[in-house]
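This is what each chain is made of:
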Amino acid sequence: MKRWSGVMFLVMAFTIVWPAQAGEYLSRPEVQAFVDEVSQKHSLDKAWVQRVLAEADAKESIIAAMTRPAEKTLTWDAYRALFLNANRIKWGKEFLQEQEATLARASETYGVPVEIITAIIGVETYYGRNVGNYRVLDALATLGFDYPPRGKFFRGELEQFLLMTHEQNLPPTALKGSYAGAMGYGQFIPSSYRNFAVDFNGDGVVDLWNVEDAIGSVARYFAMHGWQTGQAVTLPIKPAKVIEEGLLEPAPKPTFAVSEIRAAGYGVPDTVADEDIAAVIRLKNENSTEYWLGLKNFYVITRYNHSPLYAMAVYQLSQELVGVSQ
Ligand SMILES: [Ca+2]
């Protein structure tokens, strides 16, 4: 019993000192340097930046979550089953109906299909049901200052977060999001929030926890990343007898003329023109391999999340929502 208490004490002590005590970020020299730099660069009130960062807490759970992304470990069939489940399809159809007017307005404004906008919001947050429970400030400070592999990136996002909350008059210590600091229905990181989000309900605030703003913002994100209105996204192709690895790089970026892909032995449907530019997407299942033609719009979906599995899940969910099974 005594020995057990000793172990418990050690575990608790470790937990408490890792990696900084609550609110202690501000005492660290590199955090003070960050405060100086950001406040000077953007003419922000230094005392305000200090007050915000004084509230930041280090969270070990954020580091733990960061180190296990599903895309890297799952086969396509397992990944697909996770994202194209019965609830996500059912709730997606409901979302299409409930938000019909806003979705139609976004689609008309930005040229992106309603089912693609809906599928993104479905894959990201179950249509707003799971927008994240971490304080964004904690996520960005923890990853920015205590996760060296991505520290520079997340310090940049922390800088953008300060600017975003300042510009939109949002409360920086209250906003919640994912363990990586992604916010709202569409899970925008702060730089995307500032660059691509839009006030789509016209109330003067860009609020991605508001469904109208979120729908407009997802559509605008795709438009600004080159979505080609009315064009196909991806379609299955018959594999070549001999697979040339060279044609699979740098997928999903469209790089090869379809004529080259045909010449390499892939069976591409006649609806696709020889001169179109595409990528060959290979998806490995538990017991088989699928090949797909990745067109420009498929690549645009990967600008939201770089995994081809993610893009395929979004596309196939979008098709399920409008009654087209893959
Ligand atoms: Ca708004």
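Everything below is about the structure shown above.
Parameters and conventions
- Residues numbered from 1 in each chain as written.
- Predicted model: local features only at pLDDT ≥ 70, side-chain atom pairs only at ≥ 80, totals over all residues.
- Helix = DSSP H or I, 4+ residues; strand = E, 2+ residues; numbered from the N terminus.
- Buried ≥ 20, exposed ≤ 12 C-beta atoms within 10 Å, placed from the backbone.
- Contact = placed C-beta atoms within 7 Å.
- Pairing = 2+ DSSP bridges.
- Core = buried A, V, L, I, M, F, W, Y, C linked by C-beta atoms within 7 Å.

I'd like a rundown of the environment of Phe-298, residues and numbers included.
Along the polypeptide, Phe-298 turns up in helix 14 (residues 296-302). A count of 26 C-beta atoms within 10 Å places Phe-298 in the buried class. For Phe-298 and Lys-253, which are 45 residues apart along the polypeptide, the C-alpha to C-alpha distance reads 8.7 Å. Excluding residues within four positions of it along the chain, Phe-298 makes contact with Val-233, Thr-234, Pro-252, Ala-311 and Tyr-315.

Break down the environment of Trp-48 for me, with residues and values.
By the secondary structure assignment, Trp-48 is in helix 3 (residues 46-54). What makes Trp-48 partly exposed here is the crowd of 13 C-beta atoms within 10 Å. A sequence separation of 118 residues divides Trp-48 from His-166, and the C-alpha atoms of the two residues are 9.8 Å apart.

Tell me about the pairing of strand 6 (residues 289-294), and please be specific about residues and values.
Inspection of the sheet shows strand 3 (residues 234-236) paired to strand 6 by 3 bridges, in the antiparallel sense. The residue bridging Pro-236 from the neighbouring strand is Trp-292, located in strand 6. Pairing geometry for strand 5 (residues 277-284) and strand 6, over 6 bridges, is antiparallel. Directly across from Arg-282, in strand 6, lies its bridge partner Tyr-291. Between the end of strand 5 and the start of strand 6, which pair antiparallel, lie 4 residues.

For the nonpolar core, give the residues involved together with the corresponding values.
One finds Ile-117, Ile-120, Leu-140, Ile-215, Val-218, Ala-313 and Val-314 to be the most contacted residues of the largest nonpolar core, which totals 89 residues. Among the elements that make up this core, the one with the highest residue count is helix 15 (residues 308-321) (9 residues). Not counting residues up to four positions away in its chain, the partners in contact with Val-218 are Ile-117, Ile-120, Ile-121 and Gly-186.

Got a sec to walk through the sheet that holds strand 4 (residues 256-257)? Specific residues and values, please.
Strands sit in the order 3-6-5-4 across an open sheet of 4 strands; the sheet is antiparallel. Only two strands of the sheet have a single partner each, and these edge strands are strand 3 and strand 4.

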